[in-house]
Amino acid sequence: MDVSVAFPTALSSPDDIALAEELGYARAWVYDTPQQSPDVWMTLALAAERTERIGLGPGVLVPSLRHPMANAAATATLAALAPGRVAVAFGTGFTGRRAMGYGAITWAFMDAYIRAYRALLRGEVVEWEGVRMQMLHPDGHSPARPVDVPVLVGALGPKGDAVARELGDGLFVTLAQPEFMTAYSWVPYLAWGTVLDDDEPQDSEHAKTAAGPGWALAYHGAYEFGGPDAVRALVGGPEWLEVVEKAPADRRHLAVHTGHCVHLNDADTAAWDAGGHAMLREATISGSRTEVRDRLAELAERGVTEIVIQPCGPDTRGELERFLEAAQS
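Position numbers for residues count from 1 along each chain, tracking the sequence in the order it is written. Where totals are concerned, whole chains, interfaces and linings use all residues; where local detail is concerned, this predicted model gives features only for residues with pLDDT of at least 70, and gives and counts side-chain atom pairs only at 80 or more. In computing side-chain values, all of the structure's heavy atoms are included and hydrogens and water are not.

The next thing to look at is the overall build of the chain. Secondary structure elements are taken from DSSP: a helix is a run of H or I of four residues or more, a strand is a run of E of two residues or more, and numbering for both begins at the N terminus. When you go through the chain residue by residue, the secondary structure sums to 15 helices and 10 strands. Put simply, the radius of gyration uses C-alpha atoms, and a globule should come to 2.2 Å times the residue count raised to 0.38. Here the chain has a C-alpha radius of gyration of 20 Å; the compact-globule value for 329 residues is 20 Å, and the two agree. Viewed in the frame of its principal axes, the chain has a C-alpha envelope of about 60 × 45 × 35 Å. Restricting to contacts in the chain with at least 6 residues of sequence separation, those with at least 24 account for 68%. Only the protein chains shown count as cover for residues, with accessible areas throughout obtained via the Shrake-Rupley method and a probe of 1.4 Å. Taken as a whole, the chain presents about 14,000 Å² of accessible surface, with 51% of it coming from carbon and sulfur. The charge count includes Lys and Arg as positive and Asp and Glu as negative, but it does not include His or the ends of the chains. The atom standing in for a charge is NZ when the residue is Lys, CZ when it is Arg, CG when it is Asp and CD when it is Glu. A distance of 5 Å separates the average location of the 26 positive side-chain charges in the chain from that of its 44 negative side-chain charges. By definition in these notes, contact holds between two residues if any of their heavy atoms fall within 4.5 Å.

Put into structure tokens, the structure is as follows:
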């Protein structure tokens, strides 16, 4: 299993990616979340200039945020800056849309978008929004077409599986592990967590800052996909919901997603303090070195070929070193 890293795109991400390369990580993925992050393509371009080996890519792009020509041109630019190191993943939008109040895009739109995007990179004339277009970049403005970059699709259900099988080079997975991922030869799995010392309680301050933001996704996801009743069923869920529902109905998505994958917001903290930290091992890849290694072995048996860990907290180097040591032991 390859061991890769992800970052919720920040101004420090180019240097963090250079650190991940130094430590030996295989690939670095960064998020396309413009409501809380700097531009994903600018970040990857800076990372390309500071690295030589590590793979680079957005994980995941949300199609509705950019015209397919804009993403095709950005992909070609990054491919020129980091030849042979680029991969692109697409998803229907969790934080990248729901934090702005939108629902996920349809799989029909995803299908059409990826077809247009890939055709543009091949140098073809495509039709989009009723008009014909083509990448017209002259020499020196982009690599010559075709630009061959692997495309992965983030999917958990049958519609996404169908799109990924036909249009993708792999399956990008997070939050759950669908049974059909065993059919793919390339399956990055985005996860959160931390390596705890043997005698460290899972409600320690270190666990809270290093794994808490990933743990909080259990509440964010339950609310977005299952509604308030799904949250109430979780330990600390009623306390989490009480904080969120203080916000006006048309702003609750802001209360849910503030600090998403970066730090605990007020609702997350309320859930943690109410005993929700008991779910830390269940919701994240957290535990002793042996426990983390065993979890990774289980994921490999289920079809994961690349574990993608997102470090949290102030000690990025320490978290990356801990996880890599456990994964390779």
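Resuming the write-up.
Whether a set of points on the 1 Å grid over the protein atoms alone is a cavity depends on a 1.4 Å probe fitting there but being unable to get out, while an open set qualifies as a pocket with protein on both sides within 12 Å along at least five of seven lines; lining residues are those with an atom within 4 Å of a point. Grid points are joined across faces, edges and corners, and a volume is the space filled by probe spheres set on the points. Under the counting rule described, the total for this entry stands at one cavity of 30 Å³ or more. If you add up the space inside the largest cavity, you get close to 40 Å³. Forming the walls of the largest cavity are Tyr-25, Gly-193, Thr-194, Val-195, Ile-309, Pro-311, Glu-319, Leu-320, Arg-322 and Phe-323. The leading source of residues in the lining of the largest cavity is helix α15 (residues 316-328), at four residues. When residue character is reported, Ala, Val, Leu, Ile, Met, Phe, Trp, Tyr, Cys and Pro are called nonpolar, Asp, Glu, Lys and Arg charged, and the others, Gly included, polar. A breakdown of the residues in the lining of the largest cavity according to their chemical character gives six nonpolar, two polar and two charged.

By the secondary structure assignment, Asp-161 is in helix α6 (residues 158-167). Here the term buried applies to any residue with accessible area under 20% of the maximum for its type, exposed to any over 50%, and partly exposed to those in between, with areas from a 1.4 Å probe on protein chains only. For Asp-161, a relative accessible area of 10% gives the class buried. The residues touching Asp-161, leaving out its near neighbours within four places in the chain, are Ala-155, Phe-180 and Tyr-184.

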